[in-house]
Amino acid sequence: MALSGTLLNVATVLAGTIIGLLVGSRMSTRMQSTLTDGLGLFTLVIGASMALSIFTSPLAQPGDDLAVLGALLGGAALGELLRITERLDALGDWFQRRLARDGSPSRVSEAFVTASLIFCVGPLTILGSLENGLTGEIRLLAIKSLLDGVASIAFAAALGPGVALAAITVLVVQGGIALAAALFGSGLDERAILGISATGGLILIGVALRLLDVKRVRVASFLPALVLAPLLLIAAEAIRRALSAA
């Protein structure tokens, strides 16, 4: 079943959120703030390791780093033109207005946006969804589900119930990739996935900076870079081959 891994992932996010809310209700504000800092540090390390893959992977070629940079800048420009950050924030605010208690402060919007980005930006999202859609296997998404379930416990304890809404994003993004793979097959090779992974790592670093209150990076605006990265890597490879053949 093409959606089996995605549905498992949705279930673990929801279960982790419930556990996190039960634990978080007994935590002080200071403890929740410290947990958020811990999540920020962990996200920073994961993002950095993914971003550095463009230099360390055996598949990397000279100029690939410039292709990723081009994708990041081009994606940011496109994201700003499309006002992706404002649209995603507005969706989070819409949830917040309907789920927050009257007159009480809420972090529903922040939790939704942050968890959605972290759960859906990474190589396991792409690879696992492709594997599930093409072969029906859930091995990679099962690993991701476990990781997301544990992460959702910490996120829900620190940020509140808005983390559960990220399950919708997981369902749409991963489910869409898996269904597309099942219907049309995979058009992504290993180098394309490398570009997505490296670019996704840079985006996760932006998420980490937000969690650590270092800078409010407009992370969602960079999401089109995930589409541009494999295209620019393919173009860079074509240019290298043309030059070597000349």
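Being a predicted model, the structure only gives us computed values, none of them experimental.

Outline helix α1 (residues 4–24), listing residues and values.
With 21 residues, α1 extends 30 Å between its outermost C-alpha atoms, agreeing within 8% with the 30 Å of an ideal straight helix rising 1.5 Å per residue. Residues of α1 that are buried: G5, T6, N9, V10, T12, V13, G16, T17, G20 and G24. Considered in projection along α1, the buried side chains sweep an arc of 165° and stay on one side of the axis. Turned more than 90 degrees from where α1 packs its buried face, I18 and L22 sit exposed.

Please set out the nonpolar core residue by residue, giving values where relevant.
By size, the foremost hydrophobic cluster in this structure holds 39 residues, and its most contacted members are I118, F119, F155, V163 and V207. Considering every element that reaches this core, the biggest residue donor is helix α6 (residues 108–120), with 9 residues. Counting 5 residues, the second-largest nonpolar core is a separate cluster that includes I54, A60, L194 and A198.

How would you sum up α6? Please name residues and give values.
At 3.6 residues per turn, the α-helix brings residues three or four places apart onto the same side. Here α6 is 13 residues long and its end C-alpha atoms lie 18 Å apart, about the 18 Å a rise of 1.5 Å per residue gives. Burial analysis of α6 places 12 of its 13 residues in the buried class, which makes it a mostly covered element. Taken as a whole, α6 has its buried residues at V108, S109, A111, F112, V113, T114, A115, S116, L117, I118, F119 and C120.

Summarise the packing of helix α10 (residues 190–211) against helix α11 (residues 225–245); cite the residues concerned and give the values.
Axis separation between α10 and α11 bottoms out at 8 Å; the angle between their running directions is 135°. By the angle between their directions, the pair α10 and α11 is classed as oblique. Judged by the twist between their axes, the crossing of α10 over α11 is right-handed. Here R191, A192, G195, I196, T199, G200 and I203 of α10 lie close against α11, whose contacting residues are A225, L226, A229, P230, L233, E237 and R240. Considering only residue class, the contact of α10 with α11 consists of 8 nonpolar, 3 polar and 3 charged.

Please give an account of the environment of T199 that cites residues and values.
Relative to the elements of secondary structure, T199 occurs in helix α10. The exposure class of T199 is buried, given its relative accessible area of 0%. Taking the C-alpha atoms as reference, T199 lies 26 Å from L7; in sequence the two are 192 residues apart.

Help me get a handle on empty space enclosed by the protein, residues and values and all.
All told, the structure shown has 1 cavity of 30 Å³ or more when counted by the stated rule. Along the walls of the largest cavity sit T85, D89, V113, L117, R210, V217, R218, V219 and A220, which together make up its complete lining. The set of elements that each furnish at least two residues to the lining of the largest cavity consists of α5 (84–99) and α6.

Go over the side chain of S145, please, and point to the residues and values.
Inspection of the secondary structure puts S145 in helix α8 (residues 139–159). Among all residues touching S145, those that are not within four sequence positions of it are G5, L8, N9 and T12.

Account for the pattern of salt bridges, with residues named and values stated.
With the rule as written, the count across this model stands at 8 salt bridges. Notably, a salt bridge pairs R218 with E80, separated by 2.9 Å at the nearest N-O pair. Taken as a pair, R218 in the loop between α10 and α11 and E80 in helix α4 (residues 64–82) lie far apart in primary sequence, 138 residues in all. Judged by relative accessible area, R218 falls into the partly exposed class, the value being 32%. Residue E80 is classed as partly exposed on the basis of its relative accessible area, which comes to 37%. Where R241 meets E237, a salt bridge forms, and the shortest distance between an N and an O atom there is 3.2 Å. Of this pair, R241 and E237 both sit in helix α11, 4 residues apart, roughly one helical turn. When its relative accessible area of 57% is taken as the criterion, R241 is described as exposed. Within this structure, D64, R191, E237, R240 and R241 form a network of salt bridges that share partners.

Cut-off values and rules
Residues numbered from 1 in each chain as written. Predicted model: local features only at pLDDT ≥ 70, side-chain atom pairs only at ≥ 80, totals over all residues. Heavy atoms only, no water. Helix = DSSP H or I, 4+ residues; strand = E, 2+ residues; numbered from the N terminus. Expected span 1.5 Å × (residues − 1). Buried < 20%, exposed > 50% of the residue type's maximum accessible area, 1.4 Å probe, protein only. Arc of directions from axis to C-beta. Core = buried A, V, L, I, M, F, W, Y, C linked by side-chain atoms within 4.5 Å. Axes fitted to C-alpha atoms, helices over the stretch in contact; angles between N-to-C directions. Parallel < 35°, antiparallel > 145°, perpendicular 65-115°, else oblique. Left-handed = near helix turned anticlockwise from the far one by under 90°. Contact = heavy atoms within 4.5 Å. Nonpolar A, V, L, I, M, F, W, Y, C, P; charged D, E, K, R; others polar. 1 Å grid on protein atoms, 1.4 Å probe; cavity = no way out; pocket = protein on both sides within 12 Å on 5 of 7 lines; lining within 4 Å. Points joined across faces, edges and corners; volume = space filled by probe spheres on them. Salt bridge = Lys/Arg side-chain N within 4 Å of Asp/Glu carboxyl O.

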